[in-house]
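Here is how the chains run, residue by residue.
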Amino acid sequence: MPSPLLKERFVWFFVFLIWLELSFLPLISVEWLKPDLFAIFLTFYAFQIDRKHLLILALILGLAKDLLSNAFFGLETICYISGTVFLQIISDQFDRDKRWIQIVSVFLFTFFTLTMFSSLMLLVQPRYGITFSGFIKICFVAIYTMAVSFVGFPVLQKWVSPVFRQKQYELF
């Protein structure tokens, strides 16, 4: 049975999500501070939809982010996949229906992936390592992403959740 991520509606949604990242993100950016819309979506998907296909989704979104950025190719993908493993552990351990756990998970996921990205950049290009100002920027981006997820989660719940949910059949 093929993965549900290969269905046509999912492909169109990923194209829409990438378009949203390219066109809508500059509108809600505050100077250098940009939220990570992919992190919000991955966290929403982990808590509300399905954890089984989360790594495949992280791979797709990480590759898309790698293609859209000018960083060393593959770093975004590695960070998203590692952060997704961390996210799966969080979603397994805690109540998946509580909104505040989901919001804090957005912060943790964003903070983890950005810190890992900065650490890996230190190995690839030493002048871009973690500094105190870089660490402060990571914290602000994670906080801003968490703030955007307050609005993003209800929107995703209303518009995206019905698209991704599988049909449930009742026996009685």
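Quick caveat: nothing in here was measured; it's all calculated off a predicted structure.

Okay, the overall build of the protein next. Check the secondary structure of the protein and you find 8 helices and 0 strands. Across the 172 residues that make up the protein, the buried fraction comes to 43%. For the protein, the accessible surface area stands at approximately 10,300 Å², while carbon and sulfur atoms represent 70% of it.

Next up on the list: the packing of aromatic side chains. Given two aromatic rings, one states the distance between the centres and the angle between the planes to describe the pair. Counted by the stated rule, this structure contains 9 aromatic pairs. Pairing Tyr80 with Phe109 gives two aromatic rings, centres 6.1 Å apart and planes at 55°, and the pair type is tilted. In this pair, Tyr80 is assigned in helix H5 (residues 75–93) and Phe109 in helix H6 (residues 99–124), connecting sequence segments 29 residues apart. The residues Tyr80 and Phe109 share a single accessibility class, namely buried.

Let's shift gears to the environment of Lys98. Looking at the element boundaries, Lys98 is found in the loop between H5 and H6. Separated by 51 residues in the primary sequence, Lys98 and Phe47 place their C-alpha atoms 9.3 Å from one another.

Taking 1.5 Å of rise per residue, 26 residues should cover 38 Å, and H6 covers 37 Å from first to last C-alpha, within 8% of that figure. Of the residues making up H6, those classed as buried are Ile101, Gln102, Ile103, Ser105, Val106, Phe109, Thr110, Thr113, Phe117, Ser118, Leu120 and Met121. As for H6, its buried residues are in contact with helix H3 (37–49), H5 and helix H7 (132–159).

Even without a glycine there, the phi angle at Glu31 is positive, about 55°. Tracing the chain through its elements places Glu31 in the loop between helix H2 (25–28) and H3. On the accessibility criterion, Glu31 (75% relative accessible area) is exposed.

Where a protein is soluble and globular, its nonpolar side chains tend to be buried together. Counting 35 residues, the largest nonpolar core has Ile40, Phe41, Leu42, Leu54, Leu57 and Leu61 as its most contacted members. Elements with a contribution of two residues or more to this core: helix H1 (8–23), H2, H3, helix H4 (54–68), H5, H6 and H7. Sequence-distant contacts of Leu54, that is, excluding residues within four places in its chain, are made with Leu42, Tyr45, Ala46, Thr84, Leu87 and Gln88. Core analysis: the next-biggest nonpolar cluster, separate from the first, contains 5 residues, Cys79, Phe117, Leu120 and Met121 among them.

Rules of the game
Residues numbered from 1 in each chain as written. Predicted model: local features only at pLDDT ≥ 70, side-chain atom pairs only at ≥ 80, totals over all residues. Heavy atoms only, no water. Helix = DSSP H or I, 4+ residues; strand = E, 2+ residues; numbered from the N terminus. Buried < 20%, exposed > 50% of the residue type's maximum accessible area, 1.4 Å probe, protein only. Areas by Shrake-Rupley, 256 points an atom, 1.4 Å probe, with all protein chains shown as cover. Phe/Tyr/Trp six-rings, centres within 6.5 Å; stacked < 30°, edge-to-face > 60°. Expected span 1.5 Å × (residues − 1). Contact = heavy atoms within 4.5 Å. Core = buried A, V, L, I, M, F, W, Y, C linked by side-chain atoms within 4.5 Å.

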